[in-house]
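So you can see what is in the structure, the chains are spelled out below.
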Amino acid sequence: MKLRVLATADDVADVAVREVASAIRLNPSLVLGLPTGRTPLRLYDRLVAWERTGRVSFARVTTFNLDEFVGVGENTPGRYRAFMEEHLFGRLRRRPYRVHFLDGNADDLDAELARYDRTLQRAGGIDLQVLGLGANGHVGFNEPAATLSAGSHRVRLHRPTRVANADLFGGKASRVPREALTVGMGAIMCARRVLMLATGREKADAVRRMIDGPLTTRFPASFLQLHRDAVALVDRDASR
Ligand code: GLP
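Residues numbered from 1 in each chain as written. Predicted model: local features only at pLDDT ≥ 70, side-chain atom pairs only at ≥ 80, totals over all residues. Heavy atoms only, no water.

1. A word on the pattern of salt bridges
(1) Moving on: Tallying each qualifying case throughout the model produces 16 salt bridges.
(2) Moving on: Here D10 makes a salt bridge to R42, at a shortest N to O gap of 3.1 Å. Of this pair, D10 sits in helix 1 (residues 9-26) while R42 sits in helix 2 (residues 41-52), and the two are 32 residues apart along the sequence.
(3) Moving on: Residue classification places D10 among the partly exposed residues on the basis of a relative accessible area of 36%.
(4) Moving on: Look at the salt bridges and you will find they share partners, linking D10, D14, R42 and R46 into a network. (Salt bridge = Lys/Arg side-chain N within 4 Å of Asp/Glu carboxyl O. Helix = DSSP H or I, 4+ residues; strand = E, 2+ residues; numbered from the N terminus. Buried < 20%, exposed > 50% of the residue type's maximum accessible area, 1.4 Å probe, protein only.)

Dropping the structure here:
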């Protein structure tokens, strides 16, 4: 995994928007994997600005979001689908060709997970996966564990992950669902290119473990060291 340290979070987003836009220019039918969280927000703001001024178009792009909470009501802002509408898709002049989400409200969650993996496979896998980094090393919602899963699966969220997502649920970690659906490490590791974004001092330890730490299922992001084309864009705070 390559590490690129930039001065500020804005610089990280500036580089990231150029990377994403140039990937789309090279391949207008790009299959783009997207994360939620605070980190990508600056990137999403820039993508919206670039799309509105005609510097990039999502008209032929297919997107897959990484994860979704289980059992969050349709109109709850904490739902990742709603988050993506608010911060990216709903602000574009023209939406992506296809937008895919795991449905955490499906009656049959196992069938839903299988459907997502089938859809991903039919799309030919992810061309460019943008990722954020959980402070505990999670990617998507692949939480530290004794074992990791290759395919999409249901997870029990760890306490620090629920705390990190509390802002989406009125600041109350107790309101964050206990379970979520996520793509597995397979979809992430098979992505042709990975762009990991990490900013802020609170990510510094995680960045170190991701780049230099031992490969361990107890720190899922460490597996990105095995990826052939993974770049971590981090700001100075996250690199100390
Ligand atoms: C959430 C998401 C992850 C994201 C992570 C980091 O738990 N499921 O996909 O990368 O948080 O979030 P943040 O960028 O807010 O630190």
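Past the structure itself, the notes keep going.
2. Details of the site of the ligand
(1) Moving on: Not every one of the 14 residues close to the ligand is listed here, only the nearest: R38, T39, D67, H138 and K203.
(2) Moving on: Interatomic distance of 3.0 Å between a side-chain N/O atom of N165 and an oxygen atom of the ligand.
(3) Moving on: With the chains in place, 94% of the 390 Å² that the ligand exposes on its own is no longer accessible.
(4) Moving on: Because more than half of its atoms lie within 2 Å of the grid, the ligand is assigned to the largest pocket.
(5) Moving on: Classifying every residue of the shell around the ligand gives 3 nonpolar, 8 polar and 3 charged. (Near = heavy atom within 4 Å. Polar contact = N/O pair within 3.5 Å; in protein donor to acceptor, adjacent residues only side chain to side chain. Areas by Shrake-Rupley, 256 points an atom, 1.4 Å probe, with all protein chains shown as cover. 1 Å grid on protein atoms, 1.4 Å probe; cavity = no way out; pocket = protein on both sides within 12 Å on 5 of 7 lines; lining within 4 Å. Sits in = over half its atoms within 2 Å of the grid points. Nonpolar A, V, L, I, M, F, W, Y, C, P; charged D, E, K, R; others polar.)

3. A few points about the sheet that holds strand 3 (residues 62-65)
(1) Moving on: On the basis of which strands lie adjacent, the open sheet formed by 7 strands has the order 1-10-9-6-2-3-5 and parallel pairing. Two strands in the sheet have a free side with no partner beyond their single neighbour: strand 1 (2-6) and strand 5 (98-100). Along the sheet, successive strands turn relative to each other by an average axial angle of 15 degrees, direction set aside.
(2) Moving on: One ladder, built from 5 bridges, connects strand 9 (residues 193-198) with strand 10 (residues 230-235); its direction is parallel. Its bridge partner lying in strand 10, A198 is registered against V234. (Pairing = 2+ DSSP bridges. Axes fitted to C-alpha atoms, helices over the stretch in contact; angles between N-to-C directions.)

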